[in-house]
Amino acid sequence: MSYSIATIRCLALMLCLLQVKVTAQKIVAIDFENLNRTKPAFLMRYLDLQLGQIVDSVSVEQSAQNLRNLNLFLSVDGSIVPVDSTHVKLVFSFKESNYTYPIFSVGGFDDKLNLSLGVGDINFRGRGESFGLLYQYYDRHSFRLYHSSLFLGKSRFGHEFSLGKLSTVEPLYFNQQTNLFNFDNYHASAGIHYSLTRHFRIGVGTMYMYERYLNRGENVLFDEGQIASNSLIELLKVQMRTYVQLNRINYLYERRQGFQNTLSSESIRTIDYPEVPFFRISNEFKSYWLLGHSGVLNFRNRIGVSTNIQSPFSPFVIDGFLNIRGSGDRVARGTGEIIVNMEYTHTLVDHDWFYLMANAFADIGYLRPAGGSFNYEIKNNENAFYYSGIGLKLQSKKFYNSLIRIDFGWNLSDTKQSGVVFGFGNFF
């Protein structure tokens, strides 16, 4: 029996391949370095690889990004360290932030001052829980005590709780008349959420509220009656709320990449007037695109509708602090909103201590007035707001969430209308 040279070579190659012993490297240890507060057991649930699995460099980097997305650390690095020819260990090195931090911010425009003072902890008990006490002055004095957790123990459930008093001076609109009201809202709120996956969460909650409205202006006609000057309206309310959130945002130090969508709803029953229920549903979509090594394009769209009844107490507002920079303080109210915010941010300086960024933005908003329709408002530019502007941001590398911003916006249809907003934290 004879074989060709080619056949012999092929057989020899197959024998050589059979002799090759391919060894897979298994993970025998996972180390977390430079942790002072955070519990390793809490971080383990964010890893794509566990003990006993085959090492995968792509999954190691994804695990490091999952840990960055907790937005608790100044930096996270993952590496593979060989133990022997068949075993490795994963090492994640951290630079932790100062988790207990003072809250101090001053913002405002025109003659409005928004002052916040307090103390907070974003990594309470080393498990990513938030706990804090906040005082706020925005026309009047408010406070809030809050606590929330991402997860309760090893379960997929988390919770949130708050107790507070919100007091402001609210401009309310009665046909052609605008009156200022002292508004007080005392509330106790509790909620739970469940994480179906790392990125998808659902939640429910309830709130008990005691509200007061004191008319600081002249007598006004409302609902076939009259609200007299210095008269007080007192209401007891119960809120039920739900939300569904898909979060695919990656945190990359001063920049972000990805998207988030939150669909929420709430219903409110006024105990003394159960025949007048209130319902609201809103959807907020945010996305972030990286441009080059220093730029990011930010986008936000909010669409919301509520019970469309004739009332000066409509829930949606146009406000320079909340949605339309430069517009002013709660300049309009309605029972529906369409808000679009677009912003390009460019990192100018990457210093050892801080980032300095410049931004250009455009904010567009439409309100549906109480009893009205979106079609009319959009076609006739009634209750339409078009603003654009520029700004600066300064973000510390040493302290958590310490970003100061100043934005100057002007009305595109009337450039004489403009405003400056000075605030703390990202606009969205």
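Relevant structure appears above.
Residues numbered from 1 in each chain as written. Predicted model: local features only at pLDDT ≥ 70, side-chain atom pairs only at ≥ 80, totals over all residues. Heavy atoms only, no water.

Visitor: Just to check I follow, could you spell out the environment of L221 for this structure?
Guide: On the secondary structure map, L221 appears in strand β11 (residues 220-222). C-alpha of L221 to C-alpha of N247: the two residues are 26 residues apart in sequence and 46 Å apart in space. Other than its neighbours up to four places away in sequence, L221 contacts F174 and Q226. (Helix = DSSP H or I, 4+ residues; strand = E, 2+ residues; numbered from the N terminus. Contact = heavy atoms within 4.5 Å.)

Visitor: Please clarify how the pairing of strand β3 (residues 87-96) should be interpreted in this entry.
Guide: Strand residues, when the strand is regular, have side chains that alternate between the two faces of the sheet. Pairing analysis gives 7 bridges linking strand β1 (residues 26-33) to β3, with the strands arranged parallel. Residue pairing across strands places E33 opposite S93, the latter belonging to β3. Pairing of strand β2 (residues 73-82) with β3 involves 9 bridges; the strand directions are antiparallel. By the bridge assignment, V76 is partnered in β3 with F94. The hairpin formed by β2 and β3 contains 4 residues between the paired strands. (Pairing = 2+ DSSP bridges.)

Visitor: Could you clarify how one ought to interpret helix α3 (residues 57-68) in this entry?
Guide: Working note: α-helix, 3.6 residues per turn, so residues spaced by three or four point in the same direction. With 12 residues, α3 should reach 16 Å at 1.5 Å per residue; the first-to-last C-alpha distance of 17 Å fits that figure. Buried within α3 we find S59, V60, S63, A64, Q65, N66, L67 and R68. Of the surrounding elements, those touching the buried residues of α3 are α2 (40-44), β2, β3 and β14 (250-252). The opening residue of α3, the one whose side-chain oxygen lies 3.1 Å from the backbone nitrogen of V58, is D56. (Expected span 1.5 Å × (residues − 1). Buried < 20%, exposed > 50% of the residue type's maximum accessible area, 1.4 Å probe, protein only. Polar contact = N/O pair within 3.5 Å; in protein donor to acceptor, adjacent residues only side chain to side chain.)

Visitor: Explanation requested: the side chain of R405 in the structure shown.
Guide: With respect to the secondary-structure elements, R405 resides in strand β23 (residues 403-411). For R405, a relative accessible area of 6% puts it in the buried group. At a separation of 3.2 Å, a polar atom in the side chain of R405 contacts the side chain of D407. In contact with R405, not counting residues within four places along its chain, are L392, K393, V421, F422, G423, G425, N426 and F427.

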